[in-house]
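Chain residues, written in single-letter form:
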Amino acid sequence: VQLQASGGGLVQAGGSLRLSCAVSGLTFSSYAMGWFRQAPGKERKFVAAITWSGGSTYYADSVKGRFTISRDNAKNTVYLQMNSLKPEDTAVYYCAADTRGVDYDPMRTIFDSWGQGTQVTVSS
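Keep in mind the model is a prediction, meaning the values are calculated, not measured.

What counts and what doesn't
Residues numbered from 1 in each chain as written. Predicted model: local features only at pLDDT ≥ 70, side-chain atom pairs only at ≥ 80, totals over all residues. Heavy atoms only, no water. Phe/Tyr/Trp six-rings, centres within 6.5 Å; stacked < 30°, edge-to-face > 60°. Helix = DSSP H or I, 4+ residues; strand = E, 2+ residues; numbered from the N terminus. Buried < 20%, exposed > 50% of the residue type's maximum accessible area, 1.4 Å probe, protein only. Lys NZ or Arg CZ within 6 Å of the ring centre and 35° of its normal. Disulfide = S-S within 2.5 Å. Pairing = 2+ DSSP bridges. Axes fitted to C-alpha atoms, helices over the stretch in contact; angles between N-to-C directions. Contact = heavy atoms within 4.5 Å.

### Observations concerning the packing of aromatic side chains
For any pair of aromatic rings, geometry is given as the distance between the ring centres together with the angle between the planes. A complete count under the given rule lists seven aromatic pairs for this structure. Ring geometry for F36 and F46: centres 5.7 Å apart, planes at 80°, overall edge-to-face. With a gap of ten residues between them, F36 in strand 4 (residues 32-38) and F46 in strand 5 (residues 45-50) connect regions that are remote in the sequence. Ring centres 4.7 Å apart and planes at 55° place the aromatic pair Y58 and Y104 in the tilted group. Note that Y58 is positioned in strand 6 (residues 57-59) and Y104 in the loop between strand 9 (91-98) and strand 10 (113-114), a separation of 46 residues in sequence. A relative accessible area of 28% means that Y58 is categorised as partly exposed. One aromatic cluster in this structure is built from F36, F46, Y58, Y104, F111 and W114. The ring of Y94 is capped by R44, whose NZ or CZ atom sits 3.9 Å from the centre of that ring. One cation-aromatic arrangement involves R71 over F28; the distance from NZ or CZ to the ring centre is 4.5 Å.

### Here's the deal with the state of the cysteines
In this structure the tally under the stated criterion is one disulfide. One disulfide bridge connects C21 with C95, the sulfur atoms lying 2.1 Å from each other. On the sign convention where negative means left-handed, the S-S torsion of about 60° between C21 and C95 marks this disulfide as right-handed. Of this pair, C21 sits in strand 3 (residues 17-23) while C95 sits in strand 9, and the two are 74 residues apart along the sequence. Both residues of the pair, C21 and C95, count as buried.

### Some thoughts on the environment of P40
Examined against the element boundaries, P40 turns out to sit in the loop between strand 4 and strand 5. Taking relative accessible area as the criterion, P40 reaches 70% and is therefore assigned exposed. For the pair P40 and Q4, spaced 36 residues apart in the sequence, the C-alpha separation amounts to 21 Å.

### A closer look at the sheet that holds strand 7 (residues 67-72)
Spatially, 1-3-8-7 is the arrangement adopted by the four strands of the open sheet, whose pairing is antiparallel. Both edges of this open sheet fall to strand 1 (3-6) and strand 7, since each of them pairs with a single strand only. Going from strand to strand, the sheet's axes swing by 15° on average, the running direction of each strand aside. Two elements, strand 7 and strand 8 (residues 77-82), share six bridges in a ladder whose sense is antiparallel. Bridging from a neighbouring strand, F67 pairs with M82 of strand 8.

### Brief notes about the side chain of T51
Tracing the backbone through its elements, the reader meets T51 in the loop between strand 5 and strand 6. T51 sits in the buried class, given a relative accessible area of 7%. Other than its neighbours up to four places away in sequence, T51 contacts S56, Y58, R71, D103 and Y104.

Limitation: the analysis is restricted to geometry and does not speak to function.
Structure, rendered in structure tokens:
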């Protein structure tokens, strides 16, 4: 399984970006998917996750109401729409997949495949 994240860039505070993550593999529709981010000098943190069908989504408190995770199983792609961006959102964003065939569960999901990351920089 390969994950390719894209869509990062430089944006002013209050602006928007949409990240995409294209996933190879024949069973994308049975991968729980997530987004994480890592700011300089800090540990990688959970941002958002989505179940197989896209029917349930989960967010870190810091992005609730501003970010939206979605997926298109026909295109093997997961998205992260980021609105009202803040300087503290600056980080490398990574997409991740749980390829074990277990739908997303905050207590059970293990993300075992990771993309290469895309830089998001929000200027004040």
